[in-house]
Amino acid sequence: MTRSRPLAFWLFVGPFAAGLLLFTGLPIAWSGYLSLFDARGTVTPTRFTGLDNYAAILTDRAFLDSVGTFTAFAALVVPATTVLALGLALLLNGITVARAFFRSVFFLPFACSYVVAALIWRSALFPGTADGAANTALGWFGADPLAWIGTVDPPLYWPVLVSARLWLQLGFYAILLIAALQRIPEHLYEAAWVDGASPRWQSFRHVTLPGLRGALAAVLTLNLINAYQAFDEFYNILGDSRGYPPFARPPLVYLYYTSLGSGGQDLGRGSAGAVVLALVIALVTLLSGRALRGVRRERAR
């Protein structure tokens, strides 16, 4: 029995570990290798350039602006998703009739392709014409139609991008929080009520929120990583036959044009940008984790 445990472990974990190494580990390592070479139009470079690609990418105004774009996107999406997912989880967890149906309805958008959702948002909801769903709703209140995607001042494209991401991922994070809600022991609420806590706000503050700390930390971390990797909705909503506008270009779109675009296919510079982006994501994730641990310690005191 004891000898069979390692074998069973590798039978279950081995295929996933091999896939992770093959499709994630090796590409990351190869990107790090290419970032140190002059890799224009080739994946087998020979001329070593050291940190020149990193110096070029970190002084490129377009790349720095793209980092600012996805930082703004994360600042909009992460808090909104967390708060709305928590509210949706509390609502769905309290439903006693057709509970599985409502959970499935809100989870289904997560299974939808980001490309398909982006095209629906662009062509049906926010096309910038009078017959679009958003402008039709504005017309009910006597307002003029708006060119949502093409308006930069004020940046009306942000509601389009943020609403698409919220619709796609809100149900997934709500399901995670529902699972955490169901793990909170019922006797903690009963003890809080005996001590005089109100059934709603005080119980939520002193019992529910502490019980959701781990799940909320996971939701925030996944949210941050996904927001910093945004590509599909940006590229498919804002891009057209004329190209991609520079005013809302996230890093992955920038790296796509740098590495695979018509400007020379500079794989070395694009790989350096990918490494920098990965380090930024790791840094933001670590800082958010430390901030959450600091909040827990202060509350524990």
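Up top is the structure.
This write-up is about the structure you can find in this document. (Residues numbered from 1 in each chain as written. Predicted model: local features only at pLDDT ≥ 70, side-chain atom pairs only at ≥ 80, totals over all residues. Heavy atoms only, no water.)

With respect to the layout of surface pockets
Over the atoms rolls a probe the size of a water molecule, and its path tells where empty space is left. Keep this limit in mind: Buriedness for pockets is judged along seven lines, at least five of which must meet protein on both sides within 12 Å for an open set on the 1 Å grid over protein atoms alone, while cavities are sets there where a 1.4 Å probe fits but cannot get out, and lining residues have an atom within 4 Å of a point. Grid points are joined across faces, edges and corners, and a volume is the space filled by probe spheres set on the points. Strands here mean DSSP runs of E at least two residues long; helices mean DSSP runs of H or I at least four residues long; both are numbered from the N terminus. The nonpolar class holds Ala, Val, Leu, Ile, Met, Phe, Trp, Tyr, Cys and Pro. Asp, Glu, Lys and Arg form the charged class, and all remaining residues, Gly among them, are polar.
Roughly 500 Å³ of internal volume is contained in the largest pocket. Ser31, Leu252, Leu255, Ala274 and Val275 are the residues nearest the centre of the largest pocket, which is lined by 19 residues in total. Every element with two or more residues in the lining of the largest pocket is listed here: helix 1 (4–34), helix 12 (251–260) and helix 13 (267–300). At eight residues, helix 13 tops the list of elements feeding residues into the lining of the largest pocket. Across the lining of the largest pocket, the residue classes break down as 13 nonpolar, six polar and no charged.

A word on the pattern of salt bridges
Stated formally: Whenever a carboxyl oxygen of Asp or Glu lies within 4 Å of a side-chain nitrogen of Lys or Arg, that contact is scored as a salt bridge. Classification of residues uses two cut-offs on accessible area relative to the type maximum, computed with a 1.4 Å probe and protein chains only: under 20% is buried, over 50% is exposed, and between them is partly exposed.
Scanning the model with the defined rule gives six salt bridges in all. In this structure, Asp38 and Arg40 form a salt bridge, with 3.6 Å as the shortest nitrogen-oxygen distance. The exposure class assigned to Arg40 is exposed, which follows from its relative accessible area of 54%. The partner of Arg47 in a salt bridge is Asp38, with the nearest N and O atoms 2.8 Å apart. One network of salt bridges, with partners in common, ties together Asp38, Arg40, Arg47 and Asp266.

Things to note about the nonpolar core
Note the following rule: Here, nonpolar core means buried Ala, Val, Leu, Ile, Met, Phe, Trp, Tyr and Cys residues that are tied together by side-chain atoms lying within 4.5 Å of each other. Here a residue-residue contact requires only that any non-hydrogen atoms of the pair lie within 4.5 Å.
Counting residues in each nonpolar core, the largest one holds 39 residues, and the members touching the most others are Phe73, Trp158, Leu161, Phe234, Ile237 and Leu238. Of the residues forming this core, the biggest block, seven residues, is contributed by helix 7 (residues 157–181). Not counting residues within four places of it along the chain, the set of residues in contact with Phe234 comprises Thr69, Phe73, Trp158, Leu161, Gly239, Tyr244, Ala248, Pro250 and Val253. Of all hydrophobic cores here, the second largest spans 24 residues; its members include Ala85, Ala89, Leu209 and Val219.

Some details on the side chain of Arg249
To keep things clear, this is the line we draw: We treat Lys and Arg as the positive residues and Asp and Glu as the negative residues; His and chain ends play no part in the count. Here a polar contact means two N or O atoms within 3.5 Å. Within protein one must be a hydrogen donor candidate and the other an acceptor candidate, and residues neighboring in sequence count only if both atoms are side-chain atoms.
In this structure, Arg249 sits in the loop between helix 11 (232–238) and helix 12. Although Arg249 is buried, it makes no salt bridge; Asp60 carries the closest opposite charge, 8.3 Å away. In terms of polar contacts, Arg249 uses its side chain to reach the backbone carbonyl oxygen of Tyr244, at 3.1 Å. Ignoring sequence-local partners within four residues, the contact set of Arg249 consists of Ser66, Thr69, Tyr244 and Tyr254.

Comments concerning the packing of helix 8 (residues 186–194) against helix 9 (residues 201–211)
Selection rule: Lines fitted to the C-alpha atoms define the axes, with helices restricted to the stretch that makes contact. Angles between their N-to-C directions range from 0 to 180 degrees. Geometric relationships in this document are graded by angle, where less than 35 degrees denotes roughly parallel, more than 145 denotes roughly antiparallel, 65 to 115 denotes roughly perpendicular, and other angles denote oblique. Note on convention: the crossing is left-handed when the near helix lies turned anticlockwise from the far helix by less than a right angle, right-handed when the turn is clockwise.
Packing of helix 8 against helix 9 leaves a shortest axis separation of 10 Å and a crossing angle of 140°. Between helix 8 and helix 9, the crossing angle belongs to the class labelled oblique. The two elements helix 8 and helix 9 cross, and the hand of that crossing is right-handed. Of the residues in helix 9, those in contact with Leu188, Tyr189, Ala192 and Trp193 of helix 8 are Ser203, Val207 and Thr208. Grouping the constituent residues of the contact of helix 8 with helix 9 by class yields five nonpolar, two polar and no charged.

As for unusual backbone geometry
Here the residue pair Asp153 and Pro154 is connected by a cis peptide bond, since its omega of 0° sits within 30 degrees of zero. The topology assignment puts Pro154 in the loop between helix 6 (133–140) and helix 7.

Re the packing of aromatic side chains
The condition is simple: Aromatic rings from Phe, Tyr and Trp, taking only the six-membered ring of Trp, are treated as a pair when their centres fall within 6.5 Å; an angle between ring planes under 30 degrees marks them as stacked, one over 60 as edge-to-face, and anything in between as tilted. Two conditions define a charge sitting above a ring: the NZ of Lys or the CZ of Arg must be within 6 Å of the ring centre, and it must be within 35 degrees of the ring normal.
Following the criterion strictly, the structure yields 23 aromatic pairs and no others. Measuring from centroid to centroid gives 4.3 Å for Phe70 and Tyr228, while their planes differ by 70°, and the two rings are edge-to-face. Of this pair, Phe70 sits in helix 3 (residues 61–94) while Tyr228 sits in helix 10 (residues 213–228); the two residues are 158 residues apart in sequence, bridging distant segments of the chain. For the pair Phe70 and Tyr228, a shared accessibility class is recorded, and that class is buried. Here the aromatic rings of Phe231 and Tyr235 are separated by 5.3 Å at their centres, their planes lie at 10°, and the arrangement is stacked. Linked through ring pairs, Phe73, Tyr157, Trp158, Phe234 and Phe247 together constitute an aromatic cluster. The cationic tip of Arg249 hangs over the ring face of Tyr257; the distance from NZ or CZ to the ring centre is 5.2 Å.

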